[in-house]
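Descriptive analysis of the structure
Read off the chains here:
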Amino acid sequence: MSIVSLARFQFAMTTIYHFFFVPFSIGTGLVVAIMETMYVVTKKDEYLKMAKFWGNIFLLSFAVGVVTGIIQEFQFGMNWSDYSRFVGDIFGAPLAVEALLAFFMESTFLGLWIFTWKMVSPKLHVIFMWIVTLASSLSALWILAANSFMQHPTGYTIKNGHAVMTSFSALLKNPQLWYEFGHVIAGAIVTGGIIITGLSAFQLLKKKVENPEFYKKSLHIGLLVALFGSIAVLTAGDLQMKALVKEQPMKFAATEGLYKNTGDPASWTLVAWANENGHKRVWGIDVPYVLSILAYDKPSGSVEGMNAINKQLVKEYGKQNYYPPVNTLFWSFRIMAGFGTLMLLVSLLGLFFTRKKNQLLYRQKWMLWILGLCTFTPFLANTAGWLVTELGRYPWTVYGLFTIKQSVSPNVSVASLLTSNIVYFLLFTGIGITMVSLVVRELGKGPDHEEKVEEQERKAAKIDPFDKEAFE
Amino acid sequence: MSGLQLLWFVLIGVLFSGFFFLEGFDFGVGMAVQSLTHSEDEKDQIVATIGPVWDGNEVWLITAGGALFASYPFWYATLFSGYYLILFTILAGLIIRGVSFEFRKNVPTSQKQIWNWALSLGSLVVPFFFGLMFVSMIQGMPIDAKGNMTATFGDYFNLFSIVGGIAVVLLSYLHGLNYIALKTTGPVRDRAKNYAKFLYGVLYLGLVAFAVLMYFETDFFELHFATTLGLLVSMVVLTVIANIAVMKDAEITTFIASGATFVALVALIFTGLFPRVMISSISSKYDLLITNSSSSPYTLKIMSYVAISFLPFVLAYIVWTYYIFRRRIRHTSVLESK
């Protein structure tokens, strides 16, 4: 085991785990904000109940997201110190701005939101939640600005072997940033919508449902949000792919499993398996014309294969391995796009079968089961998407400028890295199990739980007249 | 050395001061959960005092880390990779502590104790290792010509650094007790004051040991005699003020004095380091300096604009939050209104 592979493993593990909870909390936070807004507008108590009930699930995901996020910021210095030295002049700034602009706002207003239900007017209270949602999106913007620089460096010059910023606005005008930002936010919206839909479906499948109307309404809101997000995510993803053909041809060719240049028009590979060492495709099923349309929006045009791109890269940057893990990229892309399309279909059909005239969905258990199982699909799609983005940049950390091997901390030992990998793994497992069991527990309590508790507390409070200090 | 380099050196000190002033009492309250309280209700009561603010307080650390990366990437890279296992332990502490706030609220009563312990232990581990890290750092660490630090156990753990770790834990605990006294009513409030009265005696001993070890183990007195002595004296004076205030039940004064002790401590470390940011024990040639480990003037300028434009807003809504939650937390009817 080398320090490079251990550091890479750690980055993958901590980032994937962190990113389970980021779109979860941004997405469910948005749905909660919508629900609470509906309460403020309609004054119907059921929307208040919804905001509180789903708010508890949101808070659990937020807590895990926050603590795993700190690792990310520390990890660059800890595991990738030479990377930090090389790129710190540019890369550090968006991280610092993210903390100053987004994290303070997010944490402060979330604190206000949790603890002021009875202290401020409903109108002000819902604004807190919208500020939290805005701040989470802002934080995504800044961290993606940093990532976009790694994918497509802009506004820099190399001085004494280090990248130095020459234009801050170039960092924000990076086209890669806006594709990524659109994709990630839309993905988070789908995630939030689908999770609330799916969990509501599971609740409706229970033998004794306490308040079925509550879950039906929640499910409906979830589907609407998921539909909106799904359309946005496909649009953003499509734009991003078209840019990729030009910016990172190797990544594009690998996600399509193309070793040789395609003919014109290019056919698209539905499924395939590659012999990665022999740089050859073993088998596959092709669909004519489709790749040209995906890449160029017209039924003509060829796409370069990895073997040709490799030759150019060797010429430009010198001899080393430029082939990314092709099968992983190929299949990750299909998992992401496949589940993305599935979620779009599910939300469309779901809305159709829950329309007022004919609510077939609530009578068909198998339909509810499909919705329920969909709860897990955004996590798979989100993870697969990041695998494509990050692994596809191989062998670079900063595309064309700095490699993964150059980036790692030279002074950190294998023993240290192994220890931290093992402990993180155990911590994440423990926290994950607890988190899931608590979500199940919260769901089990049902939407009317809080009312009952408050009723009990009110009774208990009446028997306690000795609390003199309360009036101090 | 440019004005902007100096500004960011000071700002990083300010961010760490803010972190210790604010998150310091969160750590203290966290430790107090298992050491000060007599019942589950009391635990809920003191956790409620930091419930709305602890997460925001932790952002001071994240901002300090981000600012360090942005303005002093070479310092950030050497410090974070050099203190790998120390920072890893800090992260583990922050993780178990961070989730415990949400988890202890939701788990079945039988499991609540697990997360109470996670909260307390996390709150103990983090300040200890931060103290240990900063105090070992000012003694000088084996940093080579390329800025890579490869230290051994004794470099991290020695008498001075352990005293430093304990001192930061003690300061955090006292700061937390003072915060509890300020923010609660009932038996916990009185108990917090009694604990503080006793612990101030221990803190005096700690401060004397710290000052003596600093004289022998660092070059601060040789290089910066006046500021080093002045700041050490002000730490003692602030402790005396806090001690007298706690006797007189002046809760606000006690709390501000214990918080200011942290600010003086951070100032002591930063002025002592100046104009270095990290000291090499191999050769002073390899010291990381303000002049050679910062970002480019352009990046520093951009960062300064951002900080100057947004910091006032951030401070404004943070102050507003503390104003909103100014009421004391009573026993039994905990603020929790979720």
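Residues numbered from 1 in each chain as written. Chains lettered and ligands numbered in written order. Predicted model: local features only at pLDDT ≥ 70, side-chain atom pairs only at ≥ 80, totals over all residues.

- Chain B is annotated in an unreviewed UniProt entry as Cytochrome d ubiquinol oxidase, subunit II of Liquorilactobacillus cacaonum DSM 21116.
- Quoted verbatim from the Subcellular location (unreviewed entry) heading of the UniProt record, the comment on chain B is "Cell membrane".
- Heading Sequence similarities (unreviewed entry) of the UniProt record for chain B holds this comment: "Belongs to the cytochrome ubiquinol oxidase subunit 2 family." (UniProt positions renumbered as here; feature names shortened; annotations may be inferred.)

- Under an unreviewed UniProt entry, chain A has the name Cytochrome bd-type oxidase subunit I and belongs to Liquorilactobacillus cacaonum DSM 21116.
- The Subcellular location (unreviewed entry) comment attached to chain A in UniProt states, word for word, "Cell membrane".
- The UniProt entry for chain A carries the following text under Sequence similarities (unreviewed entry): "Belongs to the cytochrome ubiquinol oxidase subunit 1 family."

**Quick notes on the overall build of chain A**
- Looking only at helices and strands, one finds 16 helices and 6 strands in chain A.
- When its C-alpha atoms are laid out on the principal axes, chain A stretches across 85 × 55 × 40 Å.
- Counting only residues that meet the buried cut, chain A has 49% of its 472 residues in that class.
- Sequence separation of 24 or more characterises 78% of the internal contacts of chain A that already satisfy a separation of 6 or more. (Helix = DSSP H or I, 4+ residues; strand = E, 2+ residues; numbered from the N terminus. Buried ≥ 20, exposed ≤ 12 C-beta atoms within 10 Å, placed from the backbone. Contact = placed C-beta atoms within 7 Å.)

**A few points about the domain arrangement of chain A**
All names here are of chain A.
- Structurally, chain A comprises domain 1 (3-247 + 329-457) and domain 2 (249-324).
- On a C-alpha basis, the centres of domain 1 and domain 2 stand 31 Å from each other.
- Taken together, the contact pairs 14 residues of domain 1 with 16 residues of domain 2.
- Elements represented by at least two residues in the side of domain 1 that touches domain 2 include exactly helix H7 (212-247), helix H11 (326-352) and helix H13 (377-391). (Domains from an automatic or database assignment.)

**With respect to the pairing of strand E1 (residues 156-159) of chain A**
Residue and element names in this part refer to chain A.
- Sheet topology places E1 next to strand E2 (residues 162-165); 4 bridges connect them, and they run antiparallel. Bridging from a neighbouring strand, Lys159 pairs with His162 of E2.
- Hairpin connection of E1 to E2: 2 residues between the antiparallel strands, including Asn160 at a positive phi of 50°. (Pairing = 2+ DSSP bridges.)

**Considering the pairing of strand E4 (residues 280-287) of chain A**
Residue and element names in this part refer to chain A.
- Within E4, only 0 of the 8 residues are buried, which leaves the element largely exposed.
- Of the strand pairs in this sheet, strand E3 (residues 268-275) and E4 are connected by 7 bridges, and their pairing is antiparallel. Note that in E4 the partner of Asn275 across the bridge is Lys280.
- Taking the residues that link successive antiparallel strands as the turn, the E3-E4 hairpin has 4 residues, and the phi of His279 there is positive, at about 50°.

**What to know about the environment of Lys251 of chain A**
- Considering the arrangement of structural elements, one finds Lys251 of chain A in helix H8 (residues 249-255).
- Those residues in contact with Lys251 of chain A that sit more than four places away from it in its chain are Leu244, Pro324, Gly392 and Arg393 of chain A.

**Thoughts on the interface of chain A and chain B**
- At the junction of the two partners, chain A supplies 62 residues and chain B supplies 63 residues.
- For the side of chain A that touches chain B, the element with the highest residue contribution is helix H3 (residues 81-115) of chain A, accounting for 23 residues.
- Taken together, the residues that form the side of chain A that touches chain B break down as 36 nonpolar, 15 polar and 11 charged. (Nonpolar A, V, L, I, M, F, W, Y, C, P; charged D, E, K, R; others polar.)

**Points about the confidence of the model for chain B**
- The predicted model of chain B averages 95 in pLDDT, with 98% of residues at 70 or higher.
- This complex was scored by the predictor with a pTM of 0.94 and an ipTM of 0.93. (pLDDT = per-residue confidence, 0-100.)

**Observations concerning the environment of Glu442 of chain A**
- Mapped onto the elements of the fold, Glu442 of chain A is located in helix H15 (residues 414-445).
- Taking C-alpha positions, Glu442 of chain A is 10.0 Å from Leu60 of chain A, a pair spaced 382 residues apart along the chain.
- Ignoring anything within four residues of it in the chain, the contact list for Glu442 of chain A reads Asn56 and Ile57 of chain A together with Asn106 of chain B.

**Describing the packing of helix H8 (residues 159-183) of chain B against helix H12 (residues 251-273) of chain B**
Residue and element names in this part refer to chain B.
- Two elements in contact, H8 and H12, have axes separated by 9 Å at closest approach and are oriented at 155°. By the angle between their axes, H8 is roughly antiparallel relative to H12. Here H8 and H12 pass one another in a crossing that is left-handed. Touching Leu171, Leu174, His175, Asn178, Tyr179, Ala181 and Leu182 of H8 are Glu251, Ile252, Thr254, Phe255, Ser258, Gly259, Thr261 and Phe262, all from H12.
- Broken down by class, the residue content of the contact of H8 with H12 amounts to 8 nonpolar, 6 polar and 1 charged. (Axes fitted to C-alpha atoms, helices over the stretch in contact; angles between N-to-C directions. Parallel < 35°, antiparallel > 145°, perpendicular 65-115°, else oblique. Left-handed = near helix turned anticlockwise from the far one by under 90°.)

**Here we look at unusual backbone geometry**
- Across the junction of Tyr394 of chain A and Pro395 of chain A, the peptide omega takes the value 0°, indicating a cis bond.
- Here the bond from Phe274 of chain B into Pro275 of chain B is cis, since omega is 0°, no more than 30 degrees from zero.
- Tracing the sequence through the fold places Pro275 of chain B in the loop between H12 and strand E1 (276-278).
- The backbone of Tyr289 of chain A sits at a positive phi, close to 70°, despite the residue not being glycine.
- Mapped onto the secondary structure, Tyr289 of chain A falls in the loop between E4 and helix H9 (290-296).

**Here we look at the UniProt feature "transmembrane region" (unreviewed entry) in chain B**
- Annotation from UniProt places "transmembrane region" (unreviewed entry) at residues 6-25, 83-103, 115-136, 156-177, 198-216, 228-247, 259-282 and 302-325 of chain B.
- Structurally, residues 6-25 of chain B comprises 100% helix and 0% strand, and the distance from its first C-alpha atom to its last is 29 Å.

**Focus: the environment of Glu180 of chain A**
Residues and elements named next belong to chain A.
- Topologically, Glu180 is positioned in helix H6 (residues 175-205).
- Glu180 sits in the buried class, given 23 other C-beta atoms within 10 Å.
- When sequence neighbours within four positions are dropped, the list of residues in contact with Glu180 reads Leu144, Asn147 and Ser148.

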